[in-house]
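Chain by chain, the residues:
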There are 2 protein chains.
Amino acid sequence: MGDFRYNGKMYYNPVEFAMDRIGGTWKMPILWRLKDRVMRYSELQKDIPHISQKMLTTQLRELEDDGFVVRKVYAVVPPKTEYTITERGLRAIEVVKVIRNYGLELMDEMGINDK
Amino acid sequence: MGDFRYNGKMYYNPVEFAMDRIGGTWKMPILWRLKDRVMRYSELQKDIPHISQKMLTTQLRELEDDGFVVRKVYAVVPPKTEYTITERGLRAIEVVKVIRNYGLELMDEMGINDK
DNA sequence: CGGTATCCTCAATGATACTG
DNA sequence: CAGTATCATTGAGGATACCG
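It should be emphasised that the depicted structure is a prediction, and the values quoted were computed from it without experimental measurement. (Residues numbered from 1 in each chain as written. Chains lettered and ligands numbered in written order. Predicted model: local features only at pLDDT ≥ 70, side-chain atom pairs only at ≥ 80, totals over all residues. Heavy atoms only, no water.)

Undergrad: Please clarify how the interface of chain A and chain B should be interpreted in this entry.
TA: How big an interface is tends to be stated in terms of the accessible area lost upon association of its parts. The partner chain B presents 41 residues to the 41 residues of chain A that form the contact. Of the roughly 3700 Å² buried where chain A meets chain B, counting both sides, 74% is carbon and sulfur surface. Linking chain A to chain B there are four salt bridges. Here B:Glu105 and A:Arg91 are joined by a salt bridge, their closest N and O atoms 2.6 Å apart. Inspection of the region where chain A meets chain B yields four residue pairs in polar contact (both at pLDDT 80 or more). Elements supplying a minimum of two residues to the side of chain A that touches chain B: strand S1 (4-6), helix H1 (14-22), helix H2 (27-34) and helix H5 (87-109) of chain A. Top element by residues in the side of chain A that touches chain B is H5(A). It accounts for 15 residues. Across the side of chain A that touches chain B, the residue classes tally to 24 nonpolar, six polar and 11 charged. (Contact = heavy atoms within 4.5 Å. Buried area = accessible area lost by both parts, 1.4 Å probe. Salt bridge = Lys/Arg side-chain N within 4 Å of Asp/Glu carboxyl O. Polar contact = N/O pair within 3.5 Å; in protein donor to acceptor, adjacent residues only side chain to side chain. Helix = DSSP H or I, 4+ residues; strand = E, 2+ residues; numbered from the N terminus. Nonpolar A, V, L, I, M, F, W, Y, C, P; charged D, E, K, R; others polar.)

The following block contains the structure:
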């Protein structure tokens, strides 16, 4: 596997590439919430603890640019924006599920229980 | 799923916890190389492109602290250190494989080929 | 309501030098 | 050989203010 470039950034393996698409602190939590329903910006913000407006916006934009979600703006007052997961996003959810299950398994193994 | 703490850091979901254990730029590449053979520090360094000495050392320490690898130091001159993957590390490899396959799939979908 | 635009901070990472 | 120690850099992310 050779090196390659995407959006001006170098990648050295497919894992790194995948994690830049759906990794980071916020992308999986966002995709997870969109997996079974369409949500508005403000709903996502209320539903995801500790996320800032800036992070929610930038992460949604990246997910949109990479084709994981679709953004639909309604021309109403006050504004209304809906985010819908795509087929590609649903495929990513399968990977998130694997990681999530693994996380739970690890936490169990390490004796961590939610407080 | 409530919040919980590990090593003094707060986590808000199992995905975040898992990614802190095996995510980041270097941990998966390291585990990947150890999956079918024991390797010395210098072998890892030669085999993983662009990793600095500092990153290799800190990431190996974290993997060791979390029980993914075992470090064995031989009291010889010059020094010799061997890193071996554990059962827990091998379980993580299964997750890495899923992510890696997904990355390859995504790259194909997005028309990215290694140069 | 759903964002932008700025400024700012700090933790992650790199570079370089040194050592048991 | 396998690291540590120190300093410099940078980019992710937070805080705040403003806007169509």
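Undergrad: Help me out: how do you make sense of the environment of A:Leu63 in this one?
TA: Structurally, A:Leu63 is set in helix H4 (residues 53-65). For A:Leu63 and A:Arg5, which are 58 residues apart along the polypeptide, the C-alpha to C-alpha distance reads 18 Å.

Undergrad: Is there a simple way to think about the protein's contact with DNA strand D in this case?
TA: Among the 18 residues in the neighbourhood of DNA strand D, the closest are listed as A:Lys54, B:Ser42, B:Gln53, B:Arg71 and B:Tyr83. One of the backbone nitrogen or oxygen atoms of B:Pro79 is found 3.1 Å away from a sugar or linking oxygen of DNA strand D. B:Tyr83 places a polar side-chain atom, nitrogen or oxygen, 2.7 Å from a phosphate oxygen of DNA strand D. If you list the elements that add at least two residues to the surface near DNA strand D, you get H4 of chain A together with helix H3 (41-47), helix H4 (53-65) and strand S5 (80-85) of chain B. Counting residues per element, the surface near DNA strand D draws most heavily on H4(B), at four residues. Of the residues in the surface near DNA strand D, the class split is six nonpolar, six polar and six charged. (Near = heavy atom within 4 Å.)

Undergrad: How should I be thinking about the sheet that holds strand S4 (residues 69-74) of chain B in this particular structure?
TA: Residues and elements named next belong to chain B. The three strands are arranged S3-S5-S4 in an open sheet whose pairing can be described as antiparallel. One side of each edge strand has no neighbouring strand; the edge strands of this open sheet are strand S3 (39-40) and S4. Summarising the sheet, S3 and S5 pair through two bridges and their orientation is antiparallel. By the bridge assignment for S5, Arg 40 is matched with Glu 82. With respect to the sheet, H4 is in contact with S4 and S5, its orientation differing from that of S4 by roughly 115 degrees. (Pairing = 2+ DSSP bridges. Axes fitted to C-alpha atoms, helices over the stretch in contact; angles between N-to-C directions.)

Undergrad: Just to check I follow, could you spell out the relation of the copies chain A and chain B for this structure?
TA: A rotation about an axis combined with a shift along that same axis relates the two copies of the chain. In the superposition of chain A on chain B (RMSD 0.0 Å, axial shift 0.0 Å), the rotation amounts to 180 degrees. This pairing of chains is accounted for by a two-fold axis. For chain A, the residue whose C-alpha comes nearest the rotation axis is A:Val98, separated from it by 4.0 Å. Interface residue correspondence from chain A to chain B reaches 100%, placing this contact among same-surface, isologous pairings. (Least-squares fit on C-alpha atoms with pLDDT ≥ 70 in both.)

Undergrad: Sorry, what's going on with the protein's contact with DNA strand C here?
TA: The environment of DNA strand C is made up of 18 residues, and the closest members are A:Ser42, A:Arg71, A:Tyr83, B:Lys54 and B:Met55. Taken together, the sugar and phosphate atoms account for 55% of what DNA strand C places within 4 Å of the protein. A:Arg40 places a polar side-chain atom, nitrogen or oxygen, 2.9 Å from a phosphate oxygen of DNA strand C. A distance of 2.7 Å separates a phosphate oxygen of DNA strand C from a polar side-chain atom of A:Arg71. Elements that contribute at least two residues to the surface near DNA strand C include exactly helix H3 (41-47), H4 and strand S5 (80-85) of chain A together with H4 of chain B. Residue contributions to the surface near DNA strand C peak at four residues, all from H4(A). Per-class residue counts for the surface near DNA strand C are six nonpolar, six polar and six charged.

These figures capture arrangement, not role.
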